[in-house]
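Topology and contacts: notes
Spelled out, the chains give:
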Amino acid sequence: MKKILVLAVALLLSLQSCVTTEELTVTNSGKNDLVLDIDFTDMLDMIPNKEKMFNENLKMLNVINGEELTVEQFLDIALIKEQNAEQKKDSILKANPKLLRETEHLRFKIDLTEVKGNFQFIIRTKNLTELNKSLASLKNINEVLAQSAKDDKMLAESQAPNFFTDSKFEQTKKTFKRKVEINSAVSNNSFGAMAAMFSYKIKVHFDQPIVSVSYPDAIISNDRRSFEKTFALTKVIENPKILEYIVDFK
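Residues numbered from 1 in each chain as written. Predicted model: local features only at pLDDT ≥ 70, side-chain atom pairs only at ≥ 80, totals over all residues. Heavy atoms only, no water.

What to know about the overall build of the protein chain
The helix and strand tally for the protein chain stands at 10 helices and 12 strands. Evaluated residue by residue, the protein chain yields a buried proportion of 48% over its 250 residues. A sequence separation of at least 24 residues applies to 70% of the contacts in the protein chain between residues at least 6 apart. Of the accessible surface of the protein chain, which amounts to about 12900 Å², a share of 49% is contributed by carbon and sulfur atoms. (Helix = DSSP H or I, 4+ residues; strand = E, 2+ residues; numbered from the N terminus. Buried < 20%, exposed > 50% of the residue type's maximum accessible area, 1.4 Å probe, protein only. Contact = heavy atoms within 4.5 Å. Areas by Shrake-Rupley, 256 points an atom, 1.4 Å probe, with all protein chains shown as cover.)

Focus: the environment of Lys89
Positionally, Lys89 belongs in helix 5 (residues 85–95). The spacing of Lys89 and Asp76 is 13 residues in sequence and 7.4 Å in space, taken between C-alpha atoms.

Describing the packing of aromatic side chains
A complete count under the given rule lists 12 aromatic pairs for this structure. On the basis of an interplanar angle of 85° and a centroid distance of 6.4 Å, the ring pair of Phe108 and Phe119 is categorised as edge-to-face. Of this pair, Phe108 sits in strand 4 (residues 106–112) while Phe119 sits in strand 5 (residues 117–125), and the two are 11 residues apart along the sequence. For the pair Phe108 and Phe119, one class covers both residues: buried. A connected cluster of aromatic rings, assembled from ring pairs, spans Phe169, Phe176, Phe206, Tyr215, Phe227, Phe231, Tyr245 and Phe249. Over the ring of Tyr215 we find Lys229, and its NZ or CZ is 5.7 Å from the ring centre. Directly above the ring of Phe231 sits Lys229, whose terminal nitrogen or CZ lies 5.2 Å from the centroid. (Phe/Tyr/Trp six-rings, centres within 6.5 Å; stacked < 30°, edge-to-face > 60°. Lys NZ or Arg CZ within 6 Å of the ring centre and 35° of its normal.)

Considering unusual backbone geometry
One non-glycine residue, Arg224, lies in positive phi territory at about 60°. Tracing the backbone through its elements, the reader meets Arg224 in the loop between strand 10 (219–220) and strand 11 (226–232). The exposure class of Arg224 is partly exposed, given its relative accessible area of 33%.

Details of the side chain of Asn32
With respect to the helices, strands and loops of the structure, Asn32 is situated in strand 2 (residues 32–39). One polar contact links the side chain of Asn32 to the main-chain carbonyl oxygen of Gly30, over a distance of 2.7 Å. Contact partners of Asn32, with chain neighbours within four places excluded, come to Thr25, Val26, Thr27, Ile123, Arg124, Thr125, Lys126, Asn127, Leu128 and Leu131. (Polar contact = N/O pair within 3.5 Å; in protein donor to acceptor, adjacent residues only side chain to side chain.)

What to know about the environment of Thr27
Mapped onto the elements, Thr27 comes out in the loop between strand 1 (19–26) and strand 2. For the pair Thr27 and Gln208, spaced 181 residues apart in sequence, the C-alpha separation works out to 8.5 Å. Non-local contacts of Thr27, meaning those with residues more than four positions away in its chain, are made with Asn32 and Asp207. Here the side chain of Thr27 touches Ser29 through a polar contact of 2.9 Å, side chain to side chain. Engagement of the side chain of Thr27 in a polar contact is seen with the backbone oxygen of Lys31, the distance being 2.9 Å.

Regarding the nonpolar core
Residues Phe176, Phe227 and Tyr245 are the most contacted members of the largest nonpolar core, which totals 50 residues. Among the elements that make up this core, the one with the highest residue count is helix 7 (residues 128–148) (five residues). In this structure, Phe176 is in contact with Leu24, Val26, Leu128, Phe169, Glu170, Gln171, Phe206, Tyr245, Ile246, Val247 and Phe249, ignoring residues within four places of it in sequence. (Core = buried A, V, L, I, M, F, W, Y, C linked by side-chain atoms within 4.5 Å.)

Some points on helix 5
Along helix 5, the residues that are buried comprise Lys89, Ile92 and Leu93. On an axial view of helix 5, the arc spanned by its buried residues comes to 95°, and they lie on one face. Of the residues in helix 5, the exposed ones pointing more than 90 degrees away from the buried face are Gln87, Lys94 and Ala95. (Arc of directions from axis to C-beta.)

Section: the side chain of Thr21
Counting through the fold element by element, Thr21 comes out in strand 1. Ignoring sequence-local partners within four residues, the contact set of Thr21 consists of Val35, Leu36, Asp37, Lys201 and Lys203.

Here we look at the sheet that holds strand 12 (residues 245–249)
Pairing is antiparallel across the open sheet formed by four strands, whose spatial order is 6-7-12-9. Each of the sheet's edge strands pairs with one partner strand only, and the pair in question is strand 6 (167–171) and strand 9 (210–213). Direction aside, neighbouring strands of the sheet carry axes that sit 15° apart on average. As paired elements, strand 7 (residues 175–180) and strand 12 share four bridges and run antiparallel to each other. Note on strand 12: the bridge partner recorded for Arg178 is Tyr245. (Pairing = 2+ DSSP bridges. Axes fitted to C-alpha atoms, helices over the stretch in contact; angles between N-to-C directions.)

Let's talk about the pattern of salt bridges
One pass over the full model with this rule turns up six salt bridges. In this structure, Asp217 and Lys229 form a salt bridge, with 2.7 Å as the shortest nitrogen-oxygen distance. Here the residue Asp217 occupies a position in the loop between strand 9 and strand 10, and Lys229 occupies one in strand 11, the gap between them amounting to 12 residues. Classification of Asp217 as partly exposed rests on a relative accessible area of 48%. Among the residues examined, Lys229 registers a relative accessible area of 12% and is labelled buried. (Salt bridge = Lys/Arg side-chain N within 4 Å of Asp/Glu carboxyl O.)

Put into structure tokens, the structure is as follows:
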């Protein structure tokens with residue numbers, strides 16, 4: 001199971017996937033849903049001994065596939081084949097006493113079969129302050145996973161992309177803004193030449209009509225309550241600030 005988890009996490013967090021979609025829903029009540037959906041179905045053929053690995057872990061996959069996992073549940077799976085897994089989990093939580101509280105709004109969802117590969121980050125919050133804190137907490141999760149898998153190179157080196165975790169959202173009655181403030185001098189993404197094959201799509205939904213979006217080529221829905229914008233992934237990596245935008249309302 002750990003090999004499958006490592007593969008899924010590594011593919012997810014490096015964003016080496018066929019389709020990467022970031023979808024945000026903002027409501028007037030303050031509730032927000034942010035989902036980072038990674039579809040790497042077309043990359044499954046790259047897995048060595050794929051059929052054998054899936055057969056060996058079919059029971060576990062049947063349990064977790066399609067389920068939303070908390071950070072604690074995700075840790076249980078990540079450490080499932082570690083020696084003294086429970087003690088190791090306890091030591092991680094003691095070393096990071098705020099981890100579960102700070103990630104209470106975060107869920108992981110895995111859908112992995114021989115013919116389908118999909119992984120999601122799901123964040124549901126009551127306001128933008130909680131959303132921004134949840135995004136920032138992903139950096140801490142990266143560090144925890146790296147520390148808990150020192151002998152597993154793929155998992156230890158996998159990190160959520162800077163342009164996602166360093167995003168911040170702000171809202172007033174008339175505007176909604178996304179800012180990207182990269183706090184590290186070096187991008188933590190390693191795509192190589194394959195990055196040119198991928199795109200990064202953002203979808204944003206509102207309860208109120210949009211007057212304008214700062215992207216001149218954004219696709220605004222007929223009811224003017226949502227918009228889409230697609231980027232070449234290489235452009236996002238080179239300059240994460242292209243993900244910044246301002247939406248004006250009536």
